[in-house]
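Overview (structure and organization)
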Amino acid sequence: RGGPVMLEMEPFSADPLPQLARPEPSPLVSKLIDHGITEAIARQLVAEYEEDKIRRQIEILDWQEAKKPGKISDPAAWLVIAIKNGHATPKGFVSAAERQKQAEAKQARERTDAEERRRKQEQQAREKAERQVITAYWDSLTPEQQAAHDAAAIAQADAEEMKLIGPGPMKRIGMGIIRDKHTRRLLEAQGKLPPA
């Protein structure tokens, strides 16, 4: 009775206040830190200035360093001043968004051009195959059948087509055009040529 009283105490900690977890830096803060700016200043800049303005100045800095390496002696200081004061866009600068837009437009043009080339090649191949079928058909006819074929072609020709076989040096070419048209109609009707 009346002896000493023992109190239980928690173990001694060197830090009297528990450490508060510091939040991870945002991607924009991290980007500024990657460019040599301290975390405290990077957080302050992100809190005070618009994200688009900061990103634009980072992009301008990256562009200038890529174009003329070493020209900017202290990129971090340059970037802080640029964000606070706003540096003018340098001559020849094209933003990443604009470069992306230009690249997409170029790719779209290239796809369109490739599609047009493919379509023309298919058309040429189709015309060549058609020409071969028409020529083979004509060559398979006897001279009498060829004369009868030409007579039928002339009979079906309209007034404009008949002008093609009028007098003059173009008569043979005009007759070939009328003959081919008539032959094409016959072969389409027989299913030997696809419809035009």
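As the structure is a prediction and not an experimental result, all values here were calculated from the model.

Let's talk about helix α4 (residues 75-85)
Listed in full, the buried residues belonging to α4 are Ala 76, Trp 78, Leu 79, Val 80, Ala 82 and Ile 83. Buried positions along α4 lie against α1 (27-34), α2 (39-48) and α3 (51-67).

Some points on the side chain of Ser 95
Within the element layout of this structure, Ser 95 appears in the loop between α4 and α5 (96-140). Residue class for Ser 95 comes out buried when judged on its relative accessible area of 16%. Polar side-chain contacts of Ser 95 include one of 3.1 Å to the backbone nitrogen of Glu 98. In this view, Ser 95 contacts Arg 56 and Glu 59; residues no more than four positions away in its chain are not counted.

Here we look at the packing of helix α6 (residues 143-156) against helix α8 (residues 171-189)
Put simply, α6 and α8 touch, their axes get as near as 9 Å, and they point 95 degrees apart. As the angle between them shows, α6 and α8 are arranged roughly perpendicular. Between α6, through His 149, Asp 150, Ala 152, Ala 153, Ile 154 and Gln 156, and α8, the contact on the second element is made entirely by Met 175, Ile 178, Arg 179, His 182, Thr 183, Arg 185 and Leu 186. Taken together, the residues that form the contact of α6 with α8 break down as six nonpolar, four polar and three charged.

Basis of the calculations
Residues numbered from 1 in each chain as written. Predicted model: local features only at pLDDT ≥ 70, side-chain atom pairs only at ≥ 80, totals over all residues. Heavy atoms only, no water. Buried < 20%, exposed > 50% of the residue type's maximum accessible area, 1.4 Å probe, protein only. Helix = DSSP H or I, 4+ residues; strand = E, 2+ residues; numbered from the N terminus. Contact = heavy atoms within 4.5 Å. Polar contact = N/O pair within 3.5 Å; in protein donor to acceptor, adjacent residues only side chain to side chain. Axes fitted to C-alpha atoms, helices over the stretch in contact; angles between N-to-C directions. Parallel < 35°, antiparallel > 145°, perpendicular 65-115°, else oblique. Nonpolar A, V, L, I, M, F, W, Y, C, P; charged D, E, K, R; others polar.

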